[in-house]
Amino acid sequence: MKKDTIILGIETSCDETAASIVKNGTEIVSNVVASQIESHKRFGGVVPEIASRHHVEQITIVLEEALQEADMGWDQIDAITVTEGPGLVGALLVGVNAAKALAFAKQKPLVGVHHIAGHIYANRLEKEFTFPLLALIVSGGHTELVLMKEHGSYELIGETRDDAAGEAYDKVARMLDLPYPGGPHIDRLAAIGEETIAFPRAWLEDGSYDFSFSGLKSAVINKIHNAKQRGETLKPEDIAASFQASVVDVLTTKTLRAAKEFNVKQVIVAGGVAANKGLRAGLQAKFSETDIPLLIPPLKLCTDNAAMIAAAGTIAYEQGRRSGLDLNANPSLLLK
Ligand code: KG4
Ligand code: ZN
């Protein structure tokens, strides 16, 4: 019988300090996430220096908890995997240095993981992958369509040319005086509002799988300013519903078109914006008319966590990928 592969994952790329232990890349043994959202809220966004400081304070506690929750000792851990990028450099460095120190002290293999590979592999903690698959990644920093023909292989077929989807959500939320992070608030308002405003959809050139959200964001801002100048009141819930309708329309239409063109056997959704109810419903509606299975992870696996890093790290480890003790944080690491 094949021995289980037990992998420790560490994630500190943005505002969550997280550690997790995953068995065979598919089963969560422990999953600890310390969120800093409360500390960043009053600034309306993530403050990099504050993020790094919190990571330093939290990392050893979170790591200890991950081992305790799993009821495991270091002798059971096969490798240490860590987000090496992309993300905030000062935040990434805390996780990378913790991972390197542990790899050296405990004499374990070290594997650097791409944050987006992590978001993709969060889905494998729910269901086994079938290739080729298409992944739609929608987070605070990313909006990408990635084609995977096998484990650990990533082909970028479309990406945002300006703002990420989550970034657009957060900026529009700010215009509506909603707290950070704004995505969930817009989502909540959109559910009770009506699509009364026809905001633009950026389809870009024929056949392109790229995205652009800055025009939509500007259209929302202009609409709010113009209404204020004329003394009109726009219902925030209607702005939210109209903005969300535009985002969901473009994301779901391009994902479906790509899924058909590349003849994929599975479509998966990843990243913080995958928690969006409008997007989940929109994708479900579109894919229910096809025979392509759609997989959307549960809410707690959509936002940043370390189980997803351990899951992606397991594949990298099994494929023989190793990082040296000179591993560095890379804020603009490419997915490959
Ligand atoms: O993946 P994630 O936790 O961090 C990054 O790697 O960026 O994503 C965070 C983003 C934020 O922009 C947040 O507003 C957005 O995900 N988000 C949502 C929802 N929940 C989180 N956006 C829209 N609707 C939601 N329900
Ligand atoms: Zn993320």
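Residues numbered from 1 in each chain as written. Chains lettered and ligands numbered in written order. Predicted model: local features only at pLDDT ≥ 70, side-chain atom pairs only at ≥ 80, totals over all residues. Heavy atoms only, no water.

In the nomenclature of an unreviewed UniProt entry, the protein is known as tRNA N6-adenosine threonylcarbamoyltransferase of Oceanobacillus arenosus. The Subcellular location (unreviewed entry) field of the UniProt record for the protein holds the comment "Cytoplasm". (UniProt positions renumbered as here; feature names shortened; annotations may be inferred.)

This part takes up the UniProt feature "binding site: substrate" (unreviewed entry) in the protein. UniProt's entry tags I137, V138, S139, G140, G141, D170, G183, D187 and N276 with the feature "binding site: substrate" (unreviewed entry), counted in the numbering of this structure. Within the secondary structure layout, S139 lies in the loop between β6 (133–138) and β7 (143–148). Given the relative accessible area of 7%, S139 is considered buried. Its place among the elements puts D170 in helix α5 (residues 165–175). With residues up to four places along the chain from it excluded, the contact list for D170 reads Y180, P181, G182 and G183. (Helix = DSSP H or I, 4+ residues; strand = E, 2+ residues; numbered from the N terminus. Buried < 20%, exposed > 50% of the residue type's maximum accessible area, 1.4 Å probe, protein only. Contact = heavy atoms within 4.5 Å.)

The subject of this paragraph is the coordination of the zinc ion (ligand 2). For the zinc ion (ligand 2), the full set of protein donor atoms is H115 (NE2), H119 (NE2) and D304 (OD), at a range of 2.0 to 2.1 Å. Classification of the site at the zinc ion (ligand 2) rests on its 4 donor atoms, whose angles at the metal span 95 to 142°, yielding the label irregular. Sequence spacing of the donor residues for the zinc ion (ligand 2), all on one chain, is H-x3-H-x184-D. Of this pair, H119 sits in helix α4 (residues 115–121) while D304 sits in the loop between α10 (299–302) and α11 (307–318), and the two are 185 residues apart along the sequence. This pair shows no difference in class: H119 is buried, exactly as D304 is. (Donors = N, O, S within 2.8 Å, 3.2 Å for Na, K, Ca; no water. Tetrahedral: all angles 85-135°; square planar, octahedral: opposite > 155°, others 65-115°.)

As a further point, take the sheet that holds strand β5 (residues 110–114). The strands that make up a sheet pair up through hydrogen bonds in the backbone, lying either parallel or antiparallel. Judged by pairing direction, the sheet is mixed, and its 5 strands sit side by side in the order β3-β2-β1-β4-β5 without closing on themselves. The open sheet terminates on both sides in strands that have one partner only, identified here as β3 (27–35) and β5. In this sheet, neighbouring strand axes are inclined to one another by 20° on average, regardless of whether the strands run parallel or antiparallel. Looking at chain direction, strand β1 (residues 6–11) and strand β4 (residues 79–85) are connected through 4 bridges and run parallel. Within β4, the residue paired with I10 across the bridge is V82. In this fold helix α3 (residues 89–105) packs onto β1, β4 and β5, with an angle of close to 155° to the strand it touches most, β4. (Pairing = 2+ DSSP bridges. Axes fitted to C-alpha atoms, helices over the stretch in contact; angles between N-to-C directions.)

Now for helix α6 (residues 183–192). All buried positions along α6 are accounted for by G183, I186, D187, L189 and A190. Against the buried residues of α6 lie α5, α8 (236–261) and α9 (277–288).

Let us now look at the UniProt feature "domain: Gcp-like" (unreviewed entry) in the protein. Taking the UniProt record as the reference, the feature "domain: Gcp-like" (unreviewed entry) is found at residues 27–310. Helix makes up 48% of residues 27–310 and strand makes up 16%, while its end C-alpha atoms are separated by 10 Å.

This paragraph deals with the side chain of S13. Counting through the fold element by element, S13 comes out in the loop between β1 and β2 (16–23). Polar side-chain contacts of S13 include one of 2.6 Å to the side chain of E11. Here H115 takes part through its side chain, which lies 3.3 Å from a polar atom of the side chain of S13. Other than its neighbours up to four places away in sequence, S13 contacts T83, P86, G87, L88, A91, L92, H115 and D304. (Polar contact = N/O pair within 3.5 Å; in protein donor to acceptor, adjacent residues only side chain to side chain.)

Further remarks concern the packing of α5 against helix α7 (residues 214–229). In the contact formed by α5 and α7, the axes pass within 10 Å of each other and the chain directions differ by 5°. If you check the angle between α5 and α7, you find them roughly parallel. Taken together, the residues of α7 that come into contact with α5 (itself represented by K171, V172 and M175) are K217, V220, I221, I224 and H225. Its residues placed into classes, the contact of α5 with α7 shows 5 nonpolar, 1 polar and 2 charged. (Parallel < 35°, antiparallel > 145°, perpendicular 65-115°, else oblique. Nonpolar A, V, L, I, M, F, W, Y, C, P; charged D, E, K, R; others polar.)

Within the largest apolar cluster, 46 residues are counted, with the highest numbers of intra-cluster contacts made by L136, V138, I186, F213, V220, F243 and L251. Residue assignment for this core shows that the elements contributing at least two residues are β6, β7, α5, α6, α7, α8, β9 (266–270) and α9. If you tally residues by element for this core, the top one is α8, at 11 residues. (Core = buried A, V, L, I, M, F, W, Y, C linked by side-chain atoms within 4.5 Å.)

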